[in-house]
Amino acid sequence: HPGPPPPPLPPPPSLLGTLSALSLAASTGVGLVAQNGINTNLRRHALPDPFVTACASFTVGLLTISALAAAEAAAMGGGSRSAAAAA
C-alpha cells in the first residue's frame, strides 16, 4: 500500500514578487555598506567612546525599525495587538 499522494507544489513566485525580493536584497546590501561608513564617521568625529557610539547607532536603528513596524501594523489594521492576542 503506497500511502497518500504527496501534497501539490506551491505556485511559482510571480515576476513582481521576484523583483521585489531582489530590490529588497540589493537595498539591504547598500544599507549595510552605508551603515559602516556612518558608524566610522560617528566614531571619528562625534562620539569618541566606542561604547557610546555603538549605543547611539543601536538606538537610532531601534527607533527606525520600531517606527516602520508601527506604520506597517497600522497599515494592515493590526494596531498594537500582539500576534498571540490576535490568534
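Structure shown above.
Below: a short report on this structure.

Conventions we followed
Residues numbered from 1 in each chain as written. Predicted model: local features only at pLDDT ≥ 70, side-chain atom pairs only at ≥ 80, totals over all residues. Heavy atoms only, no water. Helix = DSSP H or I, 4+ residues; strand = E, 2+ residues; numbered from the N terminus. Buried < 20%, exposed > 50% of the residue type's maximum accessible area, 1.4 Å probe, protein only. Areas by Shrake-Rupley, 256 points an atom, 1.4 Å probe, with all protein chains shown as cover. Axes fitted to C-alpha atoms, helices over the stretch in contact; angles between N-to-C directions. Parallel < 35°, antiparallel > 145°, perpendicular 65-115°, else oblique. Left-handed = near helix turned anticlockwise from the far one by under 90°. Contact = heavy atoms within 4.5 Å. Nonpolar A, V, L, I, M, F, W, Y, C, P; charged D, E, K, R; others polar. Patch = residues over 30% accessible without salt bridge, like charges linked within 9 Å, V, L, I, M, F, W, Y side chains within 5 Å. Salt bridge = Lys/Arg side-chain N within 4 Å of Asp/Glu carboxyl O.

Some words on the overall build of the protein chain
For step 1, the next point in the chain: When its secondary structure is counted, the protein chain shows 3 helices and 0 strands.
For step 2, the next point in the chain: Listing every helix and strand of the protein chain by position from the N terminus yields α-α-α.
For step 3, the next point in the chain: When the 87 residues of the protein chain are sorted by exposure, 2% land in the buried category.
For step 4, the next point in the chain: Accessible surface for the protein chain amounts to roughly 7,300 Å². Of this, 74% is attributable to carbon and sulfur atoms.

Overview of the packing of helix 1 (residues 15-46) against helix 2 (residues 50-75)
For step 1, the next point in the chain: Packing of helix 1 against helix 2 brings their axes to within 10 Å, and their N-to-C directions diverge by 135°. Compared by their axis directions, helix 1 and helix 2 come out oblique. The two elements helix 1 and helix 2 meet at a crossing, and its hand is right-handed. Between helix 1 and helix 2, the residues in contact are Q35, N39, L42 and R43 and P50, T53, A56 and S57, respectively.
For step 2, the next point in the chain: Looking at side-chain class alone, the contact of helix 1 with helix 2 contains 3 nonpolar, 4 polar and 1 charged residues.

Concerning a nonpolar patch on the surface
For step 1, the next point in the chain: A cluster of nonpolar side chains, namely F58, L62, I65 and L68, defines an oily patch on the protein surface of about 440 Å² accessible area.
For step 2, the next point in the chain: Structurally, F58 can be placed in helix 2.
For step 3, the next point in the chain: Overall, the relative accessible area of 59% leaves F58 in the exposed class.

Here we look at the side chain of T53
For step 1, the next point in the chain: Mapped onto the fold, T53 is located in helix 2.
For step 2, the next point in the chain: Discounting chain neighbours no more than four positions away, the residues touching T53 are N39, L42, R43 and L47.

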